[in-house]
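The chain contents come next:
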Amino acid sequence: MKNEVKTLTLDLIGQVEGSQRLPTIKSLMLSDYSLEELPMGILKHMKNLKVLDLSRNKIKTFPDVTLKTLETLNVSENHLESVDFVRNLPNLKELVMEGNPSLHSKHKVEAVLKCPSLLKIDDDNVSYIHKQIQCMREKWQNQVQAKFEVLFEEKFTEKMTDDEFLHTVTEFKNTIKADALFASATSEAEKIIIDQVVQETSEDARSGKLFNSNHRAPGTPRSARLSRKLSCNSPRSPSAVATTPKRSRGPSQSSLLESPTIKMLKTPISPITTPNKRKRRRDSDEESVSKQDRKYSPVTWTMRKKSAVEHNLLSVPPLADYDPVYFLRCHSEKNDPADEITKVWKCAFEPRIEDPNKTTNMLATCGGQKVCLIDCNTGKVMKRYRDDNKYECFYTLAWTTVQLKNSKQEKTNLLAVAGGSSDRKIIMWDIGIPDMRDYNVLYKKLHVLQAPDTDALNLVLSMPSQTLLAGCEDSCYGWKADRLDKISKDPDYHFYLPKVSNDTESNASTDRETVDGLTALQNGNVGTKCVGDDIISIWNVKEQLLSKENQKTDRRKVKTIGVKPTALLHYTKQEVDYINVGATGGLMVVGDDSGNLRLYNVEELTNRKSRSCDDILQPSRILEWPEVKEGPVKPFCQKEAIIVNSACASHDEEYIACGTDNNLVCIWKKQQGSCEEEDMCS
């Protein structure tokens, strides 16, 4: 049995190797000796050591000593808390570090960054780690260069002295370290990468590489982007060339809830927001279905329309105002900045890995053959993906956070993107646990749901009632989802939304509506919008299911339910279809066919006890399309040509984003202190 010692000594080395002549030792096996300390004075004399096995000891720190010849190091099953020591092992090829409770996969990335000579870690080839490093490097390189272009490019001139250059570089480094954009870089590996990129960017600036007009971070060409630097400054800035018309302050309301994330896989995928051939009715060559040919609701009722009256919600603080900050044209065919045909159909903010109910400021958009990832802090397109199939057109996307297939139970975000389908099917998939080393996803089909005689446009899973809702081309359907193994192919519920009429109107139409807007709100509420209606209905799914009023069961055993909303929000009368509704936190946002965004604060509406209401509540705020006075994209930003297809907001309501029918991604940012100013004025 091995003697238990705490400190490595010459006597122990002599006992193990039969010699105390340290410079001659090439291999040293010290496994399972309960060692706690490694004296630097001993290791530094081992000039020819190639293999060192220190496994199954109690070592907490590795000494700060350079071992130039060491090629294999086994420190598994110890108590190490850092891999910083690999900096001093310039020729290390293999490292075994598993079994140290404080060391995780992120430390493997850190080890490769600090010791580029490494080929294997824990018997795994490090090629997959290099891929991770490359991805992180591209992410931070784009963001660092974006900060440089916006804040420091003009400060670097050919005539600056060495002292001025060093001072500017120092200022640049300090700005990067203090910027909130880089606050998410909490791992040591990310900090190393950022330091490297900052240094390289500074050196490129000094050598003149960054002054080359062709040297830009990947993204939208500047000629096709409205940014603060070009033509979309804040209207309050003296140098602004894009101005927002003065907007009337809408009635105040409060803040919204968080909608559950619809989990989807990349491929294959359900037809969410994918109407048949995705042509608007007014653009289609096909004849529209006449009202005489439409089916009529067996459960119908009419609400009397009232103007917005005195209401408790009118006294709550107003929503903040927003300024347009970035307009991007990044989905163009052949990168043509004049392409105003491609439609941007969907946008969504990335969830935070540590808390999927919150978001980052990274925005995903889809349209045409492309998917873009945009950093709302800088307006830079960080990634752009293109499908090789020239007939593909992406209509929808969704984020989800999943657990990875590794021993550390780490999580990652997946982005699912889909094109069109007209088979009237809703497919549910189990995407399994992805292995990110080779990007394998073992998925399997769970169920195929059938929307009767119609295509599904939007899906929402209402958790309190365990109901899957589908807004369709022809009405709204629901499936019981409390047990996935028992879910039926045909819908269990058929929801009929009310028609709203003026007091002077007589019989309301009972033809079924295209539900092109469907979004989840808090406490089991949903918001729905129908083509041609000038209201958005808020209603509680669970309470509608429990209510016995306005319910019937047809011969197919589908329960038909006449929905009674708890709130009605004023929208705008228009016949443009496929305009989606977005919601996050306490904010619901929807666009229109004039480039405007309507903002609704529905937190109090969704928190109050459910009751039927026929008051029509005005929007909290309307963000009008900005007037572009100058700039290369002025011809493409005329108000009469703008249809906002979808809109979304970050969880903290700092940013609002939307995609348009003429190939624009528009990003709005909350005005600092705007709410407080309005409160003081009121």
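Residues numbered from 1 in each chain as written. Predicted model: local features only at pLDDT ≥ 70, side-chain atom pairs only at ≥ 80, totals over all residues. Heavy atoms only, no water.

Per the secondary structure count, the chain includes nine helices and 38 strands. Within the chain, the fraction of its 682 residues that count as buried is 53%. When the accessible surface of the chain is summed, it comes to about 32,200 Å², and 47% of that surface belongs to carbon and sulfur atoms. (Helix = DSSP H or I, 4+ residues; strand = E, 2+ residues; numbered from the N terminus. Buried < 20%, exposed > 50% of the residue type's maximum accessible area, 1.4 Å probe, protein only. Areas by Shrake-Rupley, 256 points an atom, 1.4 Å probe, with all protein chains shown as cover.)

Averaged over all residues, the pLDDT of the chain is 76; the fraction at 70 or higher stands at 73%. When mean pLDDT is compared element by element in the chain, strand E37 (residues 655–660) scores highest at 96, while strand E7 (residues 225–226) scores lowest at 28. Contacts of residues 281–316 to residues separated by more than four positions or lying in other chains number 85 contacts, the stretch itself having pLDDT below 50. In this model residues 676–682 is a low-confidence stretch, pLDDT under 50, and it forms six contacts with partners more than four residues away in sequence or in other chains. (pLDDT = per-residue confidence, 0-100. Contact = heavy atoms within 4.5 Å.)

Glancing now at the packing of aromatic side chains. According to the stated counting rule, one finds five aromatic pairs in the structure shown. Both rings, one in Tyr493 and one in Phe495, keep their centres 6.0 Å apart while their planes meet at 45°; by these two values the pair is tilted. In terms of burial, Tyr493 and Phe495 fall into one category: buried. Following the ring pairs from residue to residue traces out a cluster consisting of Tyr493, Phe495 and Trp539. (Phe/Tyr/Trp six-rings, centres within 6.5 Å; stacked < 30°, edge-to-face > 60°.)

To continue, consider the sheet that holds strand E3 (residues 72–74). Within a sheet, adjacent strands bond to each other through the backbone by hydrogen bonds, running parallel or antiparallel. One open sheet accounts for six strands, arranged E1-E2-E3-E4-E5-E6; its pairing is mixed. A single partner strand is all that each edge strand has here, and the edge strands are strand E1 (27–29) and strand E6 (124–125). (Pairing = 2+ DSSP bridges.)

Bringing the environment of Gln134 into the picture now. Relative to the helices and strands, Gln134 is located in helix H4 (residues 127–152). On the accessibility criterion, Gln134 (41% relative accessible area) is partly exposed. Through-space distance from the C-alpha of Gln134 to that of Ile193 is 9.7 Å; in sequence the pair is 59 residues apart.

The next thing to look at is the environment of Glu354. Within the secondary structure, Glu354 is located in the loop between strand E11 (346–351) and strand E12 (359–367). Each C-alpha atom, one on Glu354 and one on Lys411, is 8.1 Å from the other, the two residues being 57 residues apart in sequence.

What follows deals with helix H1 (residues 10–17). Listing the buried residues of H1 in full gives Leu12, Ile13 and Gly14. Looking one or two residues past H1, Gly18 carries a phi angle of roughly 80°, positive in sign.

With that settled, the discussion passes to the nonpolar core. With 62 residues, the main nonpolar core has Leu54, Phe62, Leu73, Leu92 and Leu95 as its most contacted residues. For this core, the leading source of residues is H4, giving eight residues. In this structure, Phe62 is in contact with Leu38, Leu43, Leu52, Leu54, Leu73, Leu80 and Phe85, ignoring residues within four places of it in sequence. Ranked by size, the runner-up nonpolar core spans 18 residues in total, among them Tyr322, Leu587, Leu623 and Ala649. (Core = buried A, V, L, I, M, F, W, Y, C linked by side-chain atoms within 4.5 Å.)

A grouping of Asp32, Glu77, Glu98 and Asp123 is seen on the molecular surface, where their side chains present a negatively charged patch. Counting through the fold element by element, Glu77 comes out in the loop between E3 and strand E4 (94–96). With relative accessibility at 44%, the residue Glu77 sits in the partly exposed group. (Patch = residues over 30% accessible without salt bridge, like charges linked within 9 Å, V, L, I, M, F, W, Y side chains within 5 Å. Salt bridge = Lys/Arg side-chain N within 4 Å of Asp/Glu carboxyl O. Lys, Arg positive; Asp, Glu negative; His and termini not counted. Charge placed at Lys NZ, Arg CZ, Asp CG, Glu CD.)

It is worth spelling out the pattern of salt bridges at this point. In the structure shown here, the tally under the stated rule is eight salt bridges. The partner of Arg621 in a salt bridge is Asp321, with the nearest N and O atoms 3.9 Å apart. Placement of the pair is Arg621 in strand E34 (residues 621–623) and Asp321 in the loop between strand E9 (302–304) and strand E10 (322–328), with a sequence separation of 300 residues. Here Arg621 falls in the buried class, since its relative accessible area comes to 2%. Residues Lys529 and Asp516 are paired through a salt bridge, measuring 2.9 Å at the closest nitrogen-oxygen approach. Taken together, the positions of Lys529 in strand E25 (residues 525–530) and Asp516 in strand E24 (residues 515–520) put the pair 13 residues apart, joining distant regions of the chain.

Our next topic: the side chain of Thr168. With respect to the helices and strands, Thr168 occurs in helix H5 (residues 162–178). Of note is the side chain of Thr168, whose polar atom sits 2.8 Å from the backbone oxygen of Glu164. Once residues within four sequence positions are removed from consideration, Thr168 is found in contact with Phe152, Lys155, Phe156 and Met160. (Polar contact = N/O pair within 3.5 Å; in protein donor to acceptor, adjacent residues only side chain to side chain.)

Next up on the list: the sheet that holds strand E30 (residues 581–584). Spatial strand order, E30-E31-E32-E34: four strands in an open sheet with antiparallel pairing. Each of the sheet's edge strands pairs with one partner strand only, and the pair in question is E30 and E34. The average angle at which neighbouring strand axes cross in this sheet is 20°, direction not considered. (Axes fitted to C-alpha atoms, helices over the stretch in contact; angles between N-to-C directions.)

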